[in-house]
Amino acid sequence: MAAKKLSFEQSLARLDEIVRHLEKGDLPLKESLTLFEEGTALIKTCGTMLDEAEQQVVKLKKGENREPVELPFEGEQ
């Protein structure tokens, strides 16, 4: 399932599915390890996606006329 690029939401859904399978505890060890590896890769991918999204977020500050003004994150200029 790692071959195709999943959206953040699809990745979370797959991760949830993996957790449910592992929590049952009825899978063979080899399959459990394969799912665990896929899950850790999904966690890393989701973390990267969140980091990228955070870079796009801007802080809002009230301007002189009390209208919101967009400011970049600190360190981003």
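No experiment lies behind these values; they were computed from the predicted model shown. (Residues numbered from 1 in each chain as written. Predicted model: local features only at pLDDT ≥ 70, side-chain atom pairs only at ≥ 80, totals over all residues. Heavy atoms only, no water.)

A. Structural detail: the overall build of the protein chain. Secondary structure summary: the protein chain contains 2 helices and 2 strands in total. Each helix and strand of the protein chain, ordered N terminal to C terminal, gives the series α-α-β-β. The buried share of the protein chain, taken over its 77 residues, is 16%. For the protein chain, contacts bridging at least 24 residues in sequence account for 36% of all contacts bridging at least 6. Element-wise, carbon and sulfur atoms account for 56% of the exposed surface of the protein chain, whose accessible area totals about 6600 Å². (Helix = DSSP H or I, 4+ residues; strand = E, 2+ residues; numbered from the N terminus. Buried < 20%, exposed > 50% of the residue type's maximum accessible area, 1.4 Å probe, protein only. Contact = heavy atoms within 4.5 Å. Areas by Shrake-Rupley, 256 points an atom, 1.4 Å probe, with all protein chains shown as cover.)

B. Quick look at the pattern of salt bridges. A complete count under the given rule lists 3 salt bridges for this structure. Its salt-bridge partner being Asp 16, residue Arg 20 comes within 3.3 Å of it at the nearest N-O pair. Of this pair, Arg 20 and Asp 16 both sit in helix H1 (residues 8–24), 4 residues apart, which is roughly one turn of that helix. On the basis of relative accessible area, Arg 20 is assigned to the partly exposed category, the value being 47%. (Salt bridge = Lys/Arg side-chain N within 4 Å of Asp/Glu carboxyl O.)

C. Quick peek at the environment of Leu 15. Note on placement: Leu 15 falls in helix H1. Separated by 21 residues in sequence, Leu 15 and Phe 36 have C-alpha atoms that sit 9.6 Å apart. When sequence neighbours within four positions are dropped, the list of residues in contact with Leu 15 reads Gly 39, Leu 42 and Ile 43.

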